There are 2 protein chains.
Amino acid sequence: MSSDTIDRIIASAENQARSGGYNAFSFREIAKEIGIKSASIHYHFPTKENLATELAKRYTEKFNQYLLAITESRGNLQQQLSDYADLFYFALKNDQKMCLCGLFAAEMDVLPEDVQTATRLFFEAQITWLSTLLSTNGIASADTEAVKLLANMEGAMLIAKAFDSEDYFKRAMDLTVYK
Amino acid sequence: MSSDTIDRIIASAENQARSGGYNAFSFREIAKEIGIKSASIHYHFPTKENLATELAKRYTEKFNQYLLAITESRGNLQQQLSDYADLFYFALKNDQKMCLCGLFAAEMDVLPEDVQTATRLFFEAQITWLSTLLSTNGIASADTEAVKLLANMEGAMLIAKAFDSEDYFKRAMDLTVYK
DNA sequence: AGATATCTATCTATCGATAGGTAGTTTTTG
DNA sequence: CAAAAACTACCTATCGATAGATAGATATCT
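Residues numbered from 1 in each chain as written. Chains lettered and ligands numbered in written order. Predicted model: local features only at pLDDT ≥ 70, side-chain atom pairs only at ≥ 80, totals over all residues.

**So, the overall build of chain A**
Within chain A one finds nine helices and zero strands. Its helices and strands taken in sequence order, chain A reads α-α-α-α-α-α-α-α-α from the N to the C terminus. For chain A, the C-alpha radius of gyration of 17 Å lies close to 16 Å, the compact-globule estimate for 179 residues. Counting only C-alpha atoms and orienting by the principal axes, one finds that chain A spans roughly 55 × 35 × 30 Å. Relative to its 179 residues, chain A shows a buried fraction of 44%. Of the contacts formed within chain A by residues at least 6 apart in sequence, a portion of 57% connects residues at least 24 apart. (Helix = DSSP H or I, 4+ residues; strand = E, 2+ residues; numbered from the N terminus. Rg over C-alpha atoms; globule rule 2.2 N^0.38 Å. Buried ≥ 20, exposed ≤ 12 C-beta atoms within 10 Å, placed from the backbone. Contact = placed C-beta atoms within 7 Å.)

In structure tokens:
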């Protein structure tokens, strides 16, 4: 069935979490936003850890789908990397918000264990995809280069948030290495 | 005088804030940690906004002193950039924690105004220093390159936190551009 | 004595979480 | 087929814990 309520809970929670991290979203605030009671959210997500974990999982899944689409587009390396960067750029530009898992990573130490794990899985998926792309295009040290690119994306988003201007993302981004 | 208590409040607050951001440190927790009562902290820092702002200011000041020291070392570009990266690397390795202002930047939207301003000043100081270093060494587009380098540092820290391993910082870091 | 620093005690607001209830739908069973 | 049971998706009400903040008393130090 994939209840509409659950989707709205997730959407609201993601919105809040991407603004200020794990401690910046609450059952009450979500409830108020979508017009139900906070107790009802506990019906769908027993604990906050549970909700945040689901949040990270769905976020990762959504990203993975985009990654798959880029792969299937069969563009050249430069094109695929550009499309990849756009994923982060538009996540920033459209929502004016940080990457959910980027924020979670920054506050890793205070996250419940399941959320930590889900967050790490996001980063692993990114690195795996990038590494595969690079190595199939004959780039040496593909794995390390993948880590660099991912750091570049997250760092660029963070700087853009610091100055509240998505232009900084474009400035901070660097895809010239493989030209 | 520069009260010892104030320093201990700041140290404890920084420790907590660098673990989980603005909402991850509290007057009560700081008080417990340094052995006083939370009301006593309000005597030194009237509000949480005030404390967090002071936190960011001192953090920036400390960083600026290091930057000055690097400048005065009069090493070549490559050496100074390496020393610069070490600032972030050791902040990560020694404390096992994220950059305070990096974390604040990520959650910019939920920060009180003064904290936002203080956070932005950290980034501006970094970019100014980097840009000066690059342009005096004949690098073109020094300002944009400075933004890239800063994003690289913050991104590398974030990735390292994601995997709870400082090795990822070294992997994510890229100073090869100006070789 | 007066300034500085810290205390006790308390307030209001909010947090995640739980207990128990209910209307409506679906499934099971005699 | 219809009654009984169970389930879904919410609700109200409340819990203990914690948040930042304040007033006023007390201690310490010059």
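**Quick notes on the relation of the copies chain A and chain B**
Its rotation angle being 180 degrees, the transformation that places chain A on chain B also includes 0.0 Å of axial translation and leaves an RMSD of 0.0 Å. Within this description, the copies of the chain are treated as partners about a two-fold rotation axis. It is Gly155 of chain A whose C-alpha, among those of chain A, lies nearest the rotation axis, at 1.8 Å. Looking at the interface residues of chain A, 100% of them are also at the interface in chain B, so both copies use one shared face. (Least-squares fit on C-alpha atoms with pLDDT ≥ 70 in both.)

**What to know about the interface of chain A and chain B**
Size of an interface, as often reported, equals the accessible area lost when the parts are brought together. Tallying the contact residues gives 36 residues for chain A and 36 residues for chain B. Breaking the side of chain A that touches chain B down by element, the ones donating at least two residues are α1 (4–20), α6 (100–106), α7 (113–136), α8 (142–163) and α9 (167–172) of chain A. Take the side of chain A that touches chain B: its biggest share by element is 14 residues, from α8 of chain A. A class-by-class count of the residues in the side of chain A that touches chain B yields 18 nonpolar, nine polar and nine charged. (Nonpolar A, V, L, I, M, F, W, Y, C, P; charged D, E, K, R; others polar.)

**Remarks on the protein's contact with DNA strand D**
Surveying the vicinity of DNA strand D reveals 18 residues, the closest of which are Thr5, Lys37 and Ala39 of chain A together with Ser26 and Ala39 of chain B. Put simply, the parts of the chain that give the surface near DNA strand D at least two residues each are α3 (38–44) of chain A together with α2 (27–34) and α3 (38–44) of chain B. (Near = placed C-beta within 6 Å.)

**Re unusual backbone geometry**
Within the chain, Arg74 of chain A stands out as a residue other than glycine whose phi angle is a positive 60 degrees. Along the polypeptide, Arg74 of chain A turns up in the loop between α4 (48–73) and α5 (77–95).

**Looking at the protein's contact with DNA strand C**
Near DNA strand C lie 18 residues; those nearest to it are Ser26, Arg28 and Ala39 of chain A together with Ala39 and Tyr43 of chain B. Those elements that place two or more of their residues in the surface near DNA strand C are α2 (27–34) and α3 of chain A together with α3 of chain B. When grouped by side-chain class, the residues that make up the surface near DNA strand C number seven nonpolar, seven polar and four charged.

**So, the nonpolar core**
Core analysis: the biggest nonpolar cluster contains 112 residues, and Ile159 of chain A together with Ile159 of chain B have the highest contact counts within it. Beyond its immediate chain neighbours, meaning those up to four positions away, Ile159 of chain B contacts Phe123, Val147, Leu150, Ala151 and Glu154 of chain A together with Tyr168 and Ala172 of chain B. (Core = buried A, V, L, I, M, F, W, Y, C linked by C-beta atoms within 7 Å.)

**Overview of helix α8 (residues 142–163) of chain B**
Residues and elements named next belong to chain B. The first and last C-alpha atoms of α8 sit 32 Å apart over 22 residues, in line with the 32 Å expected at 1.5 Å per residue. By the criterion of burial, α8 is predominantly enclosed, with 18 of the 22 residues buried. A positive phi of about 50 degrees marks Asp164, the residue just after α8. (Expected span 1.5 Å × (residues − 1).)

**As for the packing of helix α5 (residues 77–95) of chain B against α8 of chain B**
Residue and element names in this part refer to chain B. Running from amino to carboxyl end, α5 crosses α8 at an angle of 20 degrees, the nearest separation of the two axes being 10 Å. Judged by the inter-axis angle, α5 sits roughly parallel to α8. In the crossing of α5 with α8, the sense of the turn from one axis to the other is right-handed. Judged by residue contacts, Ala85, Phe88 and Leu92 of α5 engage Met153, Met157 and Ala160 from α8. (Axes fitted to C-alpha atoms, helices over the stretch in contact; angles between N-to-C directions. Parallel < 35°, antiparallel > 145°, perpendicular 65-115°, else oblique. Left-handed = near helix turned anticlockwise from the far one by under 90°.)

**Looking at the environment of Ile41 of chain A**
All names here are of chain A. Summarising the element assignment, Ile41 is placed in helix α3. On the neighbour-count criterion, Ile41 (23 C-beta atoms within 10 Å) is buried. Remark: the alpha-carbon pair of Ile41 and Ile30, spanning eleven residues in sequence, is separated by 8.4 Å. In this structure Ile41 touches Ile9, Phe27, Ile30 and Ala31, once residues within four positions along its chain are discounted.

**So, the packing of α7 of chain A against α8 of chain A**
All names here are of chain A. Running from N to C, α7 and α8 cross one another at 125 degrees; their axes reach a closest spacing of 8 Å. In terms of axis orientation, α7 runs oblique to α8. In this structure, α7 meets α8 at a crossing whose hand is right-handed. Contacts between α7 and α8 involve Phe123, Gln126, Ile127, Leu130, Ser131, Leu134 and Ser135 from the former and Ala142, Asp143, Glu145, Ala146, Val147, Leu149 and Leu150 from the latter. Of the residues that constitute the contact of α7 with α8, the class distribution is nine nonpolar, three polar and two charged.

**A look at the environment of Gln126 of chain A**
By secondary structure assignment, the location of Gln126 of chain A is in helix α7. In this structure the C-alpha to C-alpha distance between Gln126 of chain A and Val147 of chain A, which are 21 residues apart in sequence, comes to 8.7 Å.

**Observations regarding α1 of chain A**
Residues that lie three or four places apart on an α-helix share one face, since the helix turns once every 3.6 residues. All names here are of chain A. For α1, with 17 residues, the first-to-last C-alpha span of 25 Å sits near the 24 Å given by 1.5 Å per residue. If you check which residues of α1 are buried, you get Ile9, Ala13, Glu14, Gln16, Ala17, Arg18, Ser19 and Gly20. Buried residues along α1 sit against α2, α3, α4, α5 and α6. Gly21 occupies a position one or two residues after α1 and carries a positive phi of about 90 degrees.

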